[in-house]
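Geometric and topological summary
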Amino acid sequence: MRSFDDYTPFYAVIGDPIAQSMSPDIHNACLNQLGIDAQYEAIQVSEEHLQEQVELLVKSGCKGFNVTIPHKLGIIDYLDEIDPYAKAIGAVNTVEIKEGRLKGYNTDGPGFFQGLSNVYERDLIDADVLVIGAGGAARAIVKTLLMNGVSKVSVVNRTVLKAYGLLEGSKGSAYTFSEIEGNLSIYDIIVNTTPIGMYPEIGNLPLNTDSLQPHTTLIDIIYNPLMTEFLSQGKEKGCVVQNGVPMFVYQAALAFKQWTGLDPDIALMEEIIKKKLGGNPSC
Ligand code: ATR
């Protein structure tokens, strides 16, 4: 991290591991493009050092930071204030620092919702949604859907008890994989939030797609690879598919706007990810 006498404003992302993060690439490109004199850095922070590293960020002039695995819940203990929406989701991925005070936000959920709204052309309120996985990302997505009036949200998870835990206020149900595979045709939207199919294990599928029908929109929040096996099989069946790039760039754009008051260039962010990963980010 920088020294205390370097007062160039900066932003950061903290996590563990962090080396693979593309957040510095997209944020720095947008800061440059808008002529903002600031930098965005990736900082490796282990769970046992979270508190001291957060204190160091404040002392070194950091104006805001993103929070990624494994700190999205743990960071809440070190905030002065939490946005009600992030509180309802129960996780924070964006922190703003003003006059030494830390306020936490969640832009993952709204980032996902923006991406979904771009690709889903029917009325979302009536959609039957199946979310695969019940971890932190699934929680943000399920809560955001429910808070936006999408009430038929079901969850399938290896540990079905965790799936039940996400469904307060939903008209949907919790399922095991064996219960749901074979019945995918009833869903308008299916979202994979598990890491299954992520680089380097790119051949793996989160669930059997035999019963998928073309009317279902598939979203995978993975963006490396840009086209997962899950999306590839859905595309072959005629489904509309969307990878994790839109959620990633929209969550970043919302954080950027929160910190700077300015709208970053979404197309520039997408272009950078496309260059790094090779391929079509909007697959
Ligand atoms: P994140 O915060 O990114 O959502 P997470 O909290 O570790 O990550 O959640 C990952 C999700 O993927 C979990 O729902 C996990 O299932 P369990 O709740 O049963 O642990 C699911 N997951 C991860 N690896 C999996 C695998 N090999 N098979 C099935 N589900 C898996």
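Before going into details, it helps to say that this report is about the structure given with it. Note that the structure is a prediction, hence the values are computed from the model and not measured.

Before going further, it helps to examine a nonpolar patch on the surface. Among the surface-exposed residues, Met-198, Tyr-199 and Ile-202 lie close enough to one another that they form a single nonpolar patch of about 320 Å² accessible area. Residue Met-198 is classed as partly exposed on the basis of its relative accessible area, which comes to 38%.

Of all residues adjacent to the ligand, which total 13 residues, the nearest are Ala-134, Ala-137, Asn-157, Thr-159 and Lys-162. Between the ligand and Gly-135, the relevant distance is 3.5 Å, taken from an oxygen atom to a main-chain nitrogen or oxygen of the residue. Lys-162 is positioned with one of its side-chain polar atoms (N or O) 2.7 Å from an oxygen atom of the ligand. For the ligand, the accessible surface in isolation is 640 Å², of which the surrounding protein chains cover 66%. Its residues placed into classes, the shell around the ligand shows five nonpolar, six polar and two charged.

The subject of this paragraph is the pattern of salt bridges. Using the criterion set out here, one finds six salt bridges in the structure. Residue Asp-108 pairs with Lys-72 through a salt bridge whose shortest N-O separation is 2.8 Å. A residue pair is termed long-range when its members are at least 10 positions apart, and Asp-108 in helix H4 (residues 108–119) and Lys-72 in the loop between strand S3 (62–67) and strand S4 (81–82) qualify at 36 residues. In this structure Asp-108 comes out as buried when scored by relative accessible area, which is 10%.

Its place among the elements puts Ser-211 in the loop between strand S10 (189–192) and strand S11 (217–220). In terms of polar contacts, Ser-211 uses its side chain to reach the backbone amide nitrogen of Gly-182, at 3.4 Å. When residues no more than four places from it in sequence are discounted, the contact partners of Ser-211 are Gly-182, Asn-183, Leu-184 and Ser-185.

Read across the sheet, six strands follow the order S9-S8-S7-S10-S11-S12 without closing on themselves; strand pairing throughout is parallel. Strands with a single pairing partner mark the edges of an open sheet, and in this sheet they are strand S9 (174–175) and strand S12 (241–242). Two elements, strand S7 (residues 128–132) and S10, share four bridges in a ladder whose sense is parallel. Directly across from Leu-130, in S10, lies its bridge partner Ile-190. The sheet contacts of H4 involve S10, S11 and S12, and relative to S11 the element is tilted by about 150°.

It is worth spelling out the sheet that holds strand S1 (residues 10–15) at this point. Here we have six strands laid out as an open sheet, ordered S2-S1-S3-S5-S6-S4, and mixed in their pairing. Every other strand in the sheet has two partners, leaving strand S2 (39–44) and S4 as the edge strands with one partner each. In the sheet, S4 pairs with strand S6 (residues 101–105) via two bridges, with the strands oriented parallel. Residue pairing across strands places Ile-82 opposite Gly-104, the latter belonging to S6.

Looking at helix H2 (residues 50–59), one finds that the buried residues are Leu-50, Gln-53, Val-54 and Leu-57. Buried residues in H2, looked at end-on, bunch into an arc of 100°, giving them a common side. Looking at the packing, one finds that the buried side of H2 touches S1, S2, S3 and S6. Positive phi appears at Gly-61, one or two residues downstream of H2, with a value of about 90°.

For the rest of this paragraph, the subject is the packing of helix H1 (residues 23–33) against helix H9 (residues 245–260). Contact geometry for H1 and H9: axes closest at 11 Å, N-to-C directions at 50°. One element, H1, and the other, H9, form an angle in the oblique class. Where H1 crosses over H9, the two elements pack in a sense that is right-handed. On H9, the residues touching Ser-23, Ile-26, His-27, Cys-30 and Leu-31 of H1 are Phe-248, Ala-252, Phe-256 and Trp-259. Looking at side-chain class alone, the contact of H1 with H9 contains seven nonpolar, two polar and no charged residues.

Extensive coverage of S1 is indicated by the burial of six of its six residues. The alternating pattern of S1 places Phe-10, Ala-12 and Ile-14 and Tyr-11, Val-13 and Gly-15 on opposite faces, both of which are buried. Here S1 pairs with S2 via six bridges, running parallel. Of the residues in S2, the one forming a bridge with Tyr-11 is Tyr-40. Taken together, S1, H1 and S2 form a β-α-β motif whose crossover is right-handed.

The grouping of Glu-47, Glu-48, Glu-52 and Glu-55 at the surface amounts to a negative patch. Position of Glu-55 among the secondary structure elements: in helix H2. Here Glu-55 falls in the partly exposed class, since its relative accessible area comes to 39%.

Reading the values: the criteria
Residues numbered from 1 in each chain as written. Predicted model: local features only at pLDDT ≥ 70, side-chain atom pairs only at ≥ 80, totals over all residues. Heavy atoms only, no water. Patch = residues over 30% accessible without salt bridge, like charges linked within 9 Å, V, L, I, M, F, W, Y side chains within 5 Å. Areas by Shrake-Rupley, 256 points an atom, 1.4 Å probe, with all protein chains shown as cover. Salt bridge = Lys/Arg side-chain N within 4 Å of Asp/Glu carboxyl O. Buried < 20%, exposed > 50% of the residue type's maximum accessible area, 1.4 Å probe, protein only. Near = heavy atom within 4 Å. Polar contact = N/O pair within 3.5 Å; in protein donor to acceptor, adjacent residues only side chain to side chain. Nonpolar A, V, L, I, M, F, W, Y, C, P; charged D, E, K, R; others polar. Helix = DSSP H or I, 4+ residues; strand = E, 2+ residues; numbered from the N terminus. Contact = heavy atoms within 4.5 Å. Pairing = 2+ DSSP bridges. Axes fitted to C-alpha atoms, helices over the stretch in contact; angles between N-to-C directions. Arc of directions from axis to C-beta. Parallel < 35°, antiparallel > 145°, perpendicular 65-115°, else oblique. Left-handed = near helix turned anticlockwise from the far one by under 90°. Right-handed = clockwise from strand over helix to strand, strands pointing away. Lys, Arg positive; Asp, Glu negative; His and termini not counted. Charge placed at Lys NZ, Arg CZ, Asp CG, Glu CD.

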